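If you want the building blocks of each chain, they are given just below.
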Amino acid sequence: MTTKPVVRYALPADLKPDRLPQHVAVIMDGNGRWAKRRGLPRIMGHRRGVDTLKTLLRCCRDWGIGALTAYAFSTENWGRPVEEVDFLMALFERVLRQELLEMMEENVRIRFVGNLAALPRSLQGEIHQAVTQTQGNHGIEFTVATNYGGRQEIVQACRAIAEQVQRGELSPSDISEELFSRHLYTSEISDPDLLIRTSGEMRISNFLLWQLAYAEIYVTDTLWPDFDTSEFHRAIYAYQQRDRRFGKVKG
Ligand SMILES: CC(C)=CCC/C(C)=C/CC/C(C)=C/COP(=O)(O)OP(=O)(O)O
Ligand SMILES: C=C(C)CCOP(=O)(O)OP(=O)(O)O
Ligand SMILES: [Mg+2]
């Protein structure tokens, strides 16, 4: 039997353990450019991007960040060349299958958000398996946004609420922010405290439109496959310098 070396990340001394974001969301952008700069096909960037994600998940867990949400495929990404879309779907499926045992060992609870019913059947099966098998885990909460669109999520929530009103189960005056949140894909997870976007783009590209209302935003020019623990350290350090006022005045 071979024993895998266990990598543990110590919290850097200049980060305050009592001021860590509890939930970090990431837009894993720049995989295509990373590959292109090396004269490689775009898909190689996505493949390398998986390693970045695995490292980040471990780092969050070791530093005491309770939740990580990663944007893996947007509702708009269907418009990419079919070979790239097919590669990504197969990659998600393969990674899920390969990593399930390790997620169990590392006490990771995985969830998926997005319109999952439109994903390939075999991927849906793998998602179901991973979600149900890890649902008793109480380590880090790991959410993958796949076929996810913030607008689509809001529309489906409106539809579900409208149907309840039509059936007479709910009155329009019962609709509150809290009730609305319960109809989003993210009903079981807290809103992100910090959004990180790699590759320098200053936009949120239809990601968690409702949930990011008060998230701190950090954008780095680094491309996702190059985003490492020292880059993550910089992002958390920047977050800890922010003054989160939530519309109030400084006390
Ligand atoms: C199992 C699992 C969750 C795996 C994650 C794999 C992964 C890293 C997916 C991200 C895919 C994606 C569309 C990235 C955006 O970069 P881009 O293609 O837009 O890059 P570009 O902006 O440089 O073109
Ligand atoms: C990271 C994911 C999965 C989606 C956002 O990146 P995109 O590359 O699709 O976003 P745009 O720059 O096109 O807005
Ligand atoms: Mg991109």
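Residues numbered from 1 in each chain as written. Chains lettered and ligands numbered in written order. Predicted model: local features only at pLDDT ≥ 70, side-chain atom pairs only at ≥ 80, totals over all residues. Heavy atoms only, no water.

Points about helix 3 (residues 82–105)
For helix 3, spanning 24 residues, the distance from its first C-alpha to its last is 35 Å, which sits close to the expected 34 Å at 1.5 Å a residue. Of all the bends in helix 3, the greatest measures close to 45° and is centred on Glu99. (Helix = DSSP H or I, 4+ residues; strand = E, 2+ residues; numbered from the N terminus. Expected span 1.5 Å × (residues − 1). Bend = angle between axes of the 7 residues up to and from the residue.)

A closer look at the site of ligand 1
Surveying the vicinity of ligand 1 reveals 19 residues, the closest of which are Asp29, Gly32, Arg33, Arg42 and Arg80. Note that an oxygen atom of ligand 1 is positioned 2.7 Å from one of the side-chain N or O atoms of Arg80. When isolated, ligand 1 has an accessible area of 640 Å², and the protein chains bury 91% of it. Looking at the shell around ligand 1, the elements that each hand over two or more residues are helix 1 (31–37), helix 2 (42–63) and helix 3. Among the elements that line the shell around ligand 1, the one with the most residues is helix 2, at five residues. (Near = heavy atom within 4 Å. Polar contact = N/O pair within 3.5 Å; in protein donor to acceptor, adjacent residues only side chain to side chain. Areas by Shrake-Rupley, 256 points an atom, 1.4 Å probe, with all protein chains shown as cover.)

A look at the nonpolar core
Taken as a class, soluble globular proteins show a tendency for nonpolar side chains to be buried jointly. Within the largest apolar cluster, 46 residues are counted, with the highest numbers of intra-cluster contacts made by Val24, Val26, Leu68, Phe142, Ile196, Phe232 and Ile236. When neighbours within four sequence positions are excluded, Ile236 is seen to be in contact with Leu15, Leu20, Pro21, Val24, Trp63, Ile65 and Leu194. Membership of the second largest hydrophobic core comes to 11 residues, among which are Ala25, Tyr71, Leu195 and Ala215. (Core = buried A, V, L, I, M, F, W, Y, C linked by side-chain atoms within 4.5 Å. Buried < 20%, exposed > 50% of the residue type's maximum accessible area, 1.4 Å probe, protein only. Contact = heavy atoms within 4.5 Å.)

Remarks on the sheet that holds strand 3 (residues 109–113)
Sheet strands pair by backbone hydrogen bonding; their relative direction is either parallel or antiparallel. Spatially, six strands are ordered 3-4-2-1-5-6 in an open sheet, and the strand pairing comes out parallel. Two strands close off the open sheet at either side, each with one partner strand: strand 3 and strand 6 (216–219). Strand after strand, the sheet turns through a mean of 20° between neighbouring axes, direction not considered. Bridge analysis of strand 2 (residues 67–74) against strand 4 (residues 141–148) gives seven bridges, and the strand direction is parallel. Bridge pairing in strand 4 links Ala70 to Val144. (Pairing = 2+ DSSP bridges. Axes fitted to C-alpha atoms, helices over the stretch in contact; angles between N-to-C directions.)

A word on the UniProt feature "active site" (unreviewed entry) in the protein chain
If you check UniProt for "active site" (unreviewed entry), the listed places come out as Asp29 and Asn77 in our numbering. Spatially, the listed residues are clustered: although they cover 49 residues, their C-alpha atoms lie within 12.1 Å of one another. By the element assignment, Asp29 lies in the loop between strand 1 (23–27) and helix 1. The exposure class of Asp29 is buried, given its relative accessible area of 18%. In this structure, Asp29 is in contact with Arg197, Thr198, Ser199, Glu201, Leu223 and Trp224, ignoring residues within four places of it in sequence. (UniProt positions renumbered as here; feature names shortened; annotations may be inferred.)

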